[in-house]
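What follows is each chain in one-letter form.
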Amino acid sequence: MSILKVQDVTKVYEGKVTNRALNQLSFEVDKGEFLAIMGPSGSGKSTLLNLITTIDRPTSGEIIFNDIKPQNLNRTELAYFRRRELGFVFQDFNLLPMLTVEENIVLPLTLDQKPVKVMEERLSVLAERLDLTTILHKRPNEISGGQAQRVAIARALIHEPAIILADEPTGNLDSNNSREVLELLSKINKEKQATIIMVTHDPIAASFCDRVLFIKDGEFFNEIHRDDRRQTF
Ligand code: ADP
Ligand code: ADP
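Residues numbered from 1 in each chain as written. Chains lettered and ligands numbered in written order. Predicted model: local features only at pLDDT ≥ 70, side-chain atom pairs only at ≥ 80, totals over all residues. Heavy atoms only, no water.

## Concerning the sheet that holds strand β1 (residues 2-13)
Line of reasoning, step 1. An order of β2-β1-β4 is seen for the three strands of this open sheet, with the pairing classed as antiparallel. Both outer strands of the open sheet, β2 (19-30) and β4 (60-65), are each paired with one neighbouring strand and no more. Taken pair by pair, the neighbouring strands of this sheet meet at an average axis angle of 15 degrees, ignoring direction.
Line of reasoning, step 2. As judged from the eight bridges shared by β1 and β2, these two strands associate in the antiparallel manner. Residue valine 6 lies in a different strand from β2, and its bridge partner there is phenylalanine 27.
Line of reasoning, step 3. The strands touched by helix α1 (residues 45-52) are β1, β2 and β4; relative to β2, the strand with the most contacts, the crossing angle is about 60 degrees. (Pairing = 2+ DSSP bridges. Helix = DSSP H or I, 4+ residues; strand = E, 2+ residues; numbered from the N terminus. Axes fitted to C-alpha atoms, helices over the stretch in contact; angles between N-to-C directions. Contact = heavy atoms within 4.5 Å.)

What follows is the structure, given as C-alpha coordinates:
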(Lines give C-alpha, C1' and ligand atoms only; values in the text may rest on other atoms or scores of the structure.)
(Ligands and ions follow the chains in the order given, each with its own letter.)
Protein backbone atom coordinates (compact mmCIF):
# COMPACT_ATOMS: atom_id res chain seq x y z
CA MET A 1 0.00 0.00 0.00
CA SER A 2 1.48 3.34 -0.94
CA ILE A 3 1.88 6.05 1.66
CA LEU A 4 3.25 8.70 -0.69
CA LYS A 5 2.41 9.38 -4.31
CA VAL A 6 4.38 11.82 -6.42
CA GLN A 7 2.40 12.33 -9.62
CA ASP A 8 3.80 14.04 -12.68
CA VAL A 9 5.65 16.62 -10.63
CA THR A 10 7.47 19.42 -12.40
CA LYS A 11 9.35 22.22 -10.68
CA VAL A 12 10.49 25.23 -12.62
CA TYR A 13 12.48 27.99 -10.95
CA GLU A 14 11.83 31.32 -12.63
CA GLY A 15 14.73 33.76 -12.73
CA LYS A 16 17.05 35.32 -15.26
CA VAL A 17 17.03 31.88 -16.78
CA THR A 18 14.18 29.46 -16.25
CA ASN A 19 15.43 26.28 -14.68
CA ARG A 20 13.41 23.09 -14.92
CA ALA A 21 14.73 21.33 -11.80
CA LEU A 22 12.23 18.45 -11.95
CA ASN A 23 10.55 17.19 -15.08
CA GLN A 24 7.29 15.23 -14.73
CA LEU A 25 8.54 12.99 -11.99
CA SER A 26 6.29 10.16 -10.78
CA PHE A 27 6.82 7.50 -8.14
CA GLU A 28 5.13 5.89 -5.17
CA VAL A 29 6.53 4.88 -1.82
CA ASP A 30 5.03 1.92 0.02
CA LYS A 31 4.30 1.99 3.71
CA GLY A 32 7.30 0.46 5.48
CA GLU A 33 9.65 0.94 2.54
CA PHE A 34 13.25 2.16 2.92
CA LEU A 35 13.87 4.14 -0.26
CA ALA A 36 17.05 5.87 -1.42
CA ILE A 37 17.22 8.66 -3.96
CA MET A 38 20.65 9.07 -5.53
CA GLY A 39 21.98 11.50 -8.07
CA PRO A 40 24.77 13.96 -8.81
CA SER A 41 24.86 17.51 -7.52
CA GLY A 42 22.27 19.66 -9.26
CA SER A 43 20.11 16.69 -10.28
CA GLY A 44 17.08 17.87 -8.30
CA LYS A 45 17.35 15.96 -5.01
CA SER A 46 17.00 18.99 -2.71
CA THR A 47 14.18 20.32 -4.84
CA LEU A 48 12.35 16.99 -4.57
CA LEU A 49 12.87 16.85 -0.79
CA ASN A 50 11.65 20.43 -0.43
CA LEU A 51 8.47 19.48 -2.28
CA ILE A 52 7.91 16.32 -0.26
CA THR A 53 8.49 18.20 3.00
CA THR A 54 6.08 20.89 1.77
CA ILE A 55 8.68 23.64 2.14
CA ASP A 56 8.03 24.41 -1.51
CA ARG A 57 5.22 23.70 -3.97
CA PRO A 58 5.41 22.00 -7.37
CA THR A 59 4.89 24.07 -10.52
CA SER A 60 2.60 21.30 -11.73
CA GLY A 61 1.66 17.81 -10.63
CA GLU A 62 0.62 16.51 -7.24
CA ILE A 63 2.06 15.05 -4.07
CA ILE A 64 -0.32 12.98 -1.96
CA PHE A 65 0.28 11.52 1.53
CA ASN A 66 -2.20 8.80 2.29
CA ASP A 67 -5.24 10.79 1.26
CA ILE A 68 -3.94 14.18 2.23
CA LYS A 69 -2.98 16.73 -0.39
CA PRO A 70 -0.72 19.24 1.38
CA GLN A 71 -1.34 21.73 -1.43
CA ASN A 72 -4.91 22.03 -0.15
CA LEU A 73 -3.99 22.75 3.47
CA ASN A 74 -3.81 26.22 4.96
CA ARG A 75 -0.73 27.40 6.88
CA THR A 76 -1.83 26.18 10.29
CA GLU A 77 -2.96 22.82 8.95
CA LEU A 78 0.29 22.48 7.04
CA ALA A 79 2.42 23.16 10.11
CA TYR A 80 0.41 20.57 12.04
CA PHE A 81 0.63 18.08 9.18
CA ARG A 82 4.41 18.42 8.98
CA ARG A 83 4.89 18.00 12.72
CA ARG A 84 2.58 15.04 12.87
CA GLU A 85 3.42 13.11 9.72
CA LEU A 86 7.06 13.90 8.95
CA GLY A 87 10.35 13.33 10.77
CA PHE A 88 13.54 14.98 9.54
CA VAL A 89 17.16 13.86 9.73
CA PHE A 90 19.77 16.21 8.25
CA GLN A 91 23.39 15.95 7.18
CA ASP A 92 24.56 18.42 9.81
CA PHE A 93 22.30 17.04 12.59
CA ASN A 94 20.62 20.45 13.26
CA LEU A 95 20.69 20.05 17.04
CA LEU A 96 20.20 23.15 19.14
CA PRO A 97 23.51 23.82 20.95
CA MET A 98 21.97 25.44 24.04
CA LEU A 99 19.71 22.48 24.79
CA THR A 100 20.76 19.16 26.29
CA VAL A 101 20.45 15.94 24.30
CA GLU A 102 17.24 15.15 26.18
CA GLU A 103 15.74 18.58 25.49
CA ASN A 104 16.66 18.32 21.82
CA ILE A 105 14.97 14.93 21.51
CA VAL A 106 11.69 15.97 23.12
CA LEU A 107 11.55 19.35 21.39
CA PRO A 108 8.92 18.30 18.81
CA LEU A 109 6.66 17.12 21.65
CA THR A 110 7.31 20.27 23.68
CA LEU A 111 6.19 22.32 20.68
CA ASP A 112 3.05 20.16 20.52
CA GLN A 113 2.45 20.61 24.26
CA LYS A 114 2.24 16.87 24.82
CA PRO A 115 1.84 15.73 28.47
CA VAL A 116 5.14 15.29 30.33
CA LYS A 117 4.33 11.65 31.04
CA VAL A 118 4.05 10.82 27.33
CA MET A 119 7.33 12.61 26.68
CA GLU A 120 9.15 10.76 29.43
CA GLU A 121 7.89 7.38 28.29
CA ARG A 122 8.84 7.88 24.67
CA LEU A 123 12.16 9.41 25.62
CA SER A 124 13.15 6.48 27.78
CA VAL A 125 12.20 3.91 25.12
CA LEU A 126 14.13 5.75 22.42
CA ALA A 127 17.16 6.50 24.60
CA GLU A 128 17.43 2.83 25.43
CA ARG A 129 16.96 1.73 21.85
CA LEU A 130 19.40 4.24 20.38
CA ASP A 131 21.96 3.83 23.15
CA LEU A 132 21.71 7.40 24.38
CA THR A 133 20.97 6.88 28.07
CA THR A 134 24.43 7.94 29.26
CA ILE A 135 24.54 11.20 27.28
CA LEU A 136 21.04 12.59 27.88
CA HIS A 137 22.33 15.48 29.99
CA LYS A 138 25.21 16.44 27.73
CA ARG A 139 25.09 19.19 25.16
CA PRO A 140 25.66 18.69 21.42
CA ASN A 141 29.27 20.00 21.58
CA GLU A 142 30.15 17.31 24.13
CA ILE A 143 29.15 14.30 22.01
CA SER A 144 30.55 12.62 18.87
CA GLY A 145 29.14 13.00 15.35
CA GLY A 146 27.71 9.49 15.44
CA GLN A 147 26.01 10.21 18.75
CA ALA A 148 24.71 13.52 17.41
CA GLN A 149 23.12 11.78 14.45
CA ARG A 150 21.52 9.19 16.76
CA VAL A 151 20.11 12.08 18.82
CA ALA A 152 18.75 13.62 15.62
CA ILE A 153 17.16 10.29 14.70
CA ALA A 154 15.58 10.05 18.17
CA ARG A 155 14.20 13.56 17.71
CA ALA A 156 12.80 12.58 14.30
CA LEU A 157 11.13 9.49 15.79
CA ILE A 158 9.71 10.90 19.00
CA HIS A 159 6.42 12.03 17.52
CA GLU A 160 6.09 8.72 15.65
CA PRO A 161 5.88 10.22 12.17
CA ALA A 162 4.44 8.39 9.19
CA ILE A 163 7.54 9.13 7.09
CA ILE A 164 11.16 9.84 7.99
CA LEU A 165 13.02 12.02 5.51
CA ALA A 166 16.78 11.82 5.71
CA ASP A 167 18.96 14.23 3.71
CA GLU A 168 22.51 12.84 3.42
CA PRO A 169 22.36 11.46 6.98
CA THR A 170 25.87 9.99 6.69
CA GLY A 171 27.36 12.99 4.88
CA ASN A 172 29.31 14.22 7.91
CA LEU A 173 30.15 10.86 9.47
CA ASP A 174 33.20 8.60 9.19
CA SER A 175 32.63 5.08 7.92
CA ASN A 176 32.13 3.48 11.35
CA ASN A 177 29.59 6.03 12.47
CA SER A 178 27.91 5.92 9.05
CA ARG A 179 27.47 2.20 9.33
CA GLU A 180 26.05 2.53 12.83
CA VAL A 181 23.52 5.15 11.74
CA LEU A 182 22.53 3.11 8.67
CA GLU A 183 22.09 -0.05 10.72
CA LEU A 184 19.93 1.92 13.10
CA LEU A 185 17.74 3.33 10.34
CA SER A 186 17.46 -0.13 8.89
CA LYS A 187 16.44 -1.57 12.26
CA ILE A 188 13.81 1.12 12.79
CA ASN A 189 12.53 0.46 9.30
CA LYS A 190 12.20 -3.29 9.85
CA GLU A 191 11.02 -3.38 13.44
CA LYS A 192 8.74 -0.37 13.48
CA GLN A 193 7.60 -0.57 9.84
CA ALA A 194 8.78 3.01 9.54
CA THR A 195 8.82 4.44 6.03
CA ILE A 196 12.14 6.12 5.25
CA ILE A 197 13.11 8.23 2.26
CA MET A 198 16.83 8.97 2.18
CA VAL A 199 18.66 11.25 -0.21
CA THR A 200 22.29 10.24 -0.49
CA HIS A 201 25.48 10.30 -2.56
CA ASP A 202 26.82 7.33 -0.66
CA PRO A 203 26.49 3.92 -2.38
CA ILE A 204 27.00 2.15 0.95
CA ALA A 205 24.08 4.08 2.43
CA ALA A 206 21.97 3.18 -0.60
CA SER A 207 22.88 -0.47 -0.20
CA PHE A 208 20.88 -0.56 3.06
CA CYS A 209 17.68 0.37 1.21
CA ASP A 210 14.90 -1.72 -0.34
CA ARG A 211 14.96 0.35 -3.50
CA VAL A 212 17.14 3.02 -5.07
CA LEU A 213 15.85 5.64 -7.51
CA PHE A 214 18.53 7.36 -9.59
CA ILE A 215 17.85 10.94 -10.64
CA LYS A 216 19.64 13.07 -13.21
CA ASP A 217 18.62 16.43 -14.66
CA GLY A 218 15.31 16.22 -12.83
CA GLU A 219 14.32 12.82 -14.20
CA PHE A 220 14.66 9.26 -12.95
CA PHE A 221 16.85 7.18 -15.19
CA ASN A 222 17.23 3.96 -13.24
CA GLU A 223 15.64 2.02 -10.40
CA ILE A 224 17.11 -0.87 -8.48
CA HIS A 225 15.35 -3.20 -6.07
CA ARG A 226 16.97 -5.02 -3.19
CA ASP A 227 16.88 -8.36 -4.99
CA ASP A 228 19.08 -7.26 -7.87
CA ARG A 229 21.17 -4.81 -5.85
CA ARG A 230 24.31 -6.93 -5.85
CA GLN A 231 24.70 -6.71 -9.60
CA THR A 232 25.00 -2.97 -9.45
CA PHE A 233 26.95 -1.87 -6.40
P1 ADP B 1 20.65 18.58 -5.86
O2 ADP B 1 20.01 18.63 -4.52
O3 ADP B 1 20.51 17.25 -6.52
O4 ADP B 1 22.05 19.07 -5.84
P5 ADP B 1 18.90 20.81 -6.50
O6 ADP B 1 17.52 20.36 -6.30
O7 ADP B 1 19.52 21.65 -5.44
O8 ADP B 1 19.83 19.55 -6.84
O9 ADP B 1 18.99 21.61 -7.86
C10 ADP B 1 18.39 21.19 -9.09
C11 ADP B 1 18.51 22.31 -10.10
O12 ADP B 1 17.66 23.38 -9.70
C13 ADP B 1 19.91 22.89 -10.19
O14 ADP B 1 20.12 23.28 -11.52
C15 ADP B 1 19.84 24.09 -9.26
O16 ADP B 1 20.78 25.07 -9.63
C17 ADP B 1 18.42 24.56 -9.45
N18 ADP B 1 17.85 25.21 -8.24
C19 ADP B 1 17.69 24.64 -7.04
N20 ADP B 1 17.12 25.48 -6.17
C21 ADP B 1 16.92 26.63 -6.87
C22 ADP B 1 16.37 27.90 -6.54
N23 ADP B 1 15.88 28.16 -5.33
N24 ADP B 1 16.33 28.83 -7.51
C25 ADP B 1 16.80 28.60 -8.76
N26 ADP B 1 17.34 27.42 -9.13
C27 ADP B 1 17.40 26.45 -8.21
P1 ADP C 1 22.62 19.52 -1.53
O2 ADP C 1 23.96 19.54 -0.87
O3 ADP C 1 21.52 18.96 -0.67
O4 ADP C 1 22.62 18.97 -2.91
P5 ADP C 1 22.46 22.06 -2.80
O6 ADP C 1 23.83 22.60 -2.64
O7 ADP C 1 22.03 21.50 -4.10
O8 ADP C 1 22.19 21.03 -1.62
O9 ADP C 1 21.40 23.17 -2.43
C10 ADP C 1 21.33 23.74 -1.16
C11 ADP C 1 20.15 24.71 -1.17
O12 ADP C 1 20.37 25.76 -2.10
C13 ADP C 1 18.85 24.03 -1.56
O14 ADP C 1 17.82 24.43 -0.66
C15 ADP C 1 18.56 24.50 -2.97
O16 ADP C 1 17.17 24.65 -3.19
C17 ADP C 1 19.27 25.85 -3.02
N18 ADP C 1 19.81 26.08 -4.36
C19 ADP C 1 20.50 25.21 -5.13
N20 ADP C 1 20.80 25.75 -6.32
C21 ADP C 1 20.30 27.01 -6.30
C22 ADP C 1 20.27 28.09 -7.25
N23 ADP C 1 20.79 27.99 -8.48
N24 ADP C 1 19.67 29.23 -6.88
C25 ADP C 1 19.12 29.34 -5.68
N26 ADP C 1 19.11 28.37 -4.73
C27 ADP C 1 19.68 27.22 -5.06
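Further notes follow.
## A look at the site of ligand 1
Line of reasoning, step 1. Around ligand 1, a shell composed of Tyr13, Asn19, Ala21, Pro40, Ser41, Gly42, Ser43, Gly44, Lys45, Ser46 and Thr47 is seen.
Line of reasoning, step 2. The separation between an oxygen atom of ligand 1 and a polar main-chain atom of glycine 44 is 3.0 Å.
Line of reasoning, step 3. One nitrogen or oxygen atom from the side chain of serine 46 is found 2.6 Å from an oxygen atom belonging to ligand 1.
Line of reasoning, step 4. Contact with the protein chains hides 59% of the accessible area of ligand 1, taken as 560 Å² for the molecule alone.
Line of reasoning, step 5. When contributions to the shell around ligand 1 are tallied by element, the ones reaching two or more residues are β2 and α1.
Line of reasoning, step 6. Among the elements that take part in the shell around ligand 1, α1 stands out by supplying three residues, more than any other. (Near = heavy atom within 4 Å. Polar contact = N/O pair within 3.5 Å; in protein donor to acceptor, adjacent residues only side chain to side chain. Areas by Shrake-Rupley, 256 points an atom, 1.4 Å probe, with all protein chains shown as cover.)

## Things to note about the environment of leucine 4
Line of reasoning, step 1. Summarising the element assignment, leucine 4 is placed in strand β1.
Line of reasoning, step 2. For the pair leucine 4 and alanine 162, spaced 158 residues apart in the sequence, the C-alpha separation amounts to 10.0 Å.
Line of reasoning, step 3. With sequence-adjacent residues up to four places away left out, leucine 4 is seen in contact with Phe27, Glu28, Val29, Ile52, Ile63, Ile64, Phe65, Ile163 and Ile197.

## Details of the nonpolar core
In globular proteins that are soluble, nonpolar side chains generally tend to be buried together.
Line of reasoning, step 1. Counting 45 residues, the largest nonpolar core has Ile105, Leu132, Val151 and Ile153 as its most contacted members.
Line of reasoning, step 2. Broken down by element, the residue count for this core peaks at seven residues, all from helix α5 (residues 145-157).
Line of reasoning, step 3. Every residue in contact with valine 151, bar those within four places of it in the chain, is listed here: Leu95, Val101, Asn104, Ile105, Leu132, Ile135 and Ile143.
Line of reasoning, step 4. Ile3, Ile37, Ile63 and Leu165 belong to the second-largest nonpolar core, a separate cluster that totals 25 residues. (Core = buried A, V, L, I, M, F, W, Y, C linked by side-chain atoms within 4.5 Å. Buried < 20%, exposed > 50% of the residue type's maximum accessible area, 1.4 Å probe, protein only.)

## Regarding the packing of helix α3 (residues 101-111) against α5
Line of reasoning, step 1. Where α3 meets α5, the closest approach of the two axes is 7 Å, and the angle between their N-to-C directions is 30 degrees. If you check the angle between α3 and α5, you find them roughly parallel. When you trace α3 past α5, the crossing you get is right-handed. Two secondary-structure elements touch here, α3 through Val101, Asn104, Ile105 and Pro108 and α5 through Val151, Ala154 and Arg155.
Line of reasoning, step 2. Partitioning the contact of α3 with α5 into residue classes produces five nonpolar, one polar and one charged. (Parallel < 35°, antiparallel > 145°, perpendicular 65-115°, else oblique. Left-handed = near helix turned anticlockwise from the far one by under 90°. Nonpolar A, V, L, I, M, F, W, Y, C, P; charged D, E, K, R; others polar.)

## Here's the deal with the side chain of glutamate 168
Line of reasoning, step 1. Structurally, glutamate 168 can be placed in the loop between β6 (163-167) and α6 (175-192).
Line of reasoning, step 2. In this structure, glutamate 168 is buried with no salt-bridge partner, the nearest side chain bearing the opposite charge being lysine 45 at 5.4 Å.
Line of reasoning, step 3. A distance of 2.4 Å separates a polar atom in the side chain of glutamate 168 from a polar atom in the side chain of histidine 201. (Lys, Arg positive; Asp, Glu negative; His and termini not counted. Salt bridge = Lys/Arg side-chain N within 4 Å of Asp/Glu carboxyl O.)

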